[in-house]
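Topology and contacts: notes
So the chains spell out like this:
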Amino acid sequence: DQQVKQNSPSLSVQEGRISILNCDYTNSMFDYFLWYKKYPAEGPTFLISISSIKDKNEDGRFTVFLNKSAKHLSLHIVPSQPGDSAVYFCAASAAGGTSYGKLTFGQGTILTVHP
Amino acid sequence: DGGITQSPKYLFRKEGQNVTLSCEQNLNHDAMYWYRQDPGQGLRLIYYSQIVNDFQKGDIAEGYSVSREKKESFPLTVTSAQKNPTAFYLCASSIITGTSGRMSGELFFGEGSRLTVL
């Protein structure tokens, strides 16, 4: 049962344009969402996060939007740069109980930014 | 430099053999985790530990074992009972915040260990 889904396995954009990566979730207990970036043969690195009490969080070129009613979040990268080419993972965690410390990850989306 | 060190980076194993992957962190984090990455499946949690001498099963613990004898170390043993062990294994750590023990939300990952069973 995939509780966090990234339905686009890959995305290709031109340098300077906007990249939009999407993520859907099914567990209504999720209250904290994160995006990680991963280069080949390396561990993921944290990019940006958002709490369920917000609908937008911005950090430089990266903005995450959360639509709780649709159980959907998206990561916008503007402007996209070739160095952004990587695999992007969406992750979520639920409040309380034995769920603390556990992140549920999506399958990942491969972003390629062309010069 | 603070960080998480995984070794070995690449490992080959014959079927029926146990193998242990090392994970060491000097970030003074309380919590440590093991994830497995397979193509098209994202990262799945194997085991995690929030305190020395204590650990919990994740979503896919069968065929794996861990120990947490020291705060800095969280080795993972892939046993012969693991039916499909070929994968990329990632160790991570995080701080624990608040009275509920909630993680900060940010995991710090090692560079991973790629295990191939021949």
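Look up: the structure comes first, before these words.
The shown structure was predicted, so the numbers you read here are calculated from the model rather than taken from an experiment.

With the rule as written, the count across this model stands at 13 aromatic pairs over all chains. Ring geometry for B:Tyr35 versus B:Phe109: centroids 6.0 Å apart, planes at 50°, classification tilted. Highlighted residues: B:Tyr35 in strand 4 (residues 31-37) and B:Phe109 in strand 12 (residues 108-109), separated in sequence by 74 residues. Considered together, B:Tyr35 and B:Phe109 belong to a single accessibility category, that of buried residues. Each member of the aromatic cluster is reached from another via a ring pair, and the members are A:Tyr36, A:Phe46, A:Phe89, A:Phe105, B:Tyr33, B:Tyr35, B:Tyr48 and B:Phe109. Against the face of B:Phe74 rests B:Arg68, its NZ or CZ located 6.0 Å from the ring centre.

So, on to unusual backbone geometry. With an omega of -10°, the peptide bond between A:Val78 and A:Pro79 qualifies as cis. Here A:Pro79 is to be found in the loop between strand 8 (72-77) and strand 9 (86-94). B:Ser7 connects to B:Pro8 through a cis peptide bond whose omega is -10°. Mapped onto the fold, B:Pro8 is located in the loop between strand 1 (4-7) and strand 2 (10-13). Not every positive phi belongs to a glycine, and A:Lys71 is a case in point at roughly 50°. If you trace the backbone, A:Lys71 turns up in the loop between strand 7 (62-67) and strand 8. Its identity as a non-glycine residue notwithstanding, B:Asn53 has a phi of 65°, on the positive side. Residue placement: B:Asn53 occurs in the loop between strand 5 (43-51) and strand 6 (54-57). The exposed category is assigned to B:Asn53, whose relative accessible area is 62%.

Procedures and definitions
Residues numbered from 1 in each chain as written. Chains lettered and ligands numbered in written order. Predicted model: local features only at pLDDT ≥ 70, side-chain atom pairs only at ≥ 80, totals over all residues. Heavy atoms only, no water. Phe/Tyr/Trp six-rings, centres within 6.5 Å; stacked < 30°, edge-to-face > 60°. Helix = DSSP H or I, 4+ residues; strand = E, 2+ residues; numbered from the N terminus. Buried < 20%, exposed > 50% of the residue type's maximum accessible area, 1.4 Å probe, protein only. Lys NZ or Arg CZ within 6 Å of the ring centre and 35° of its normal.

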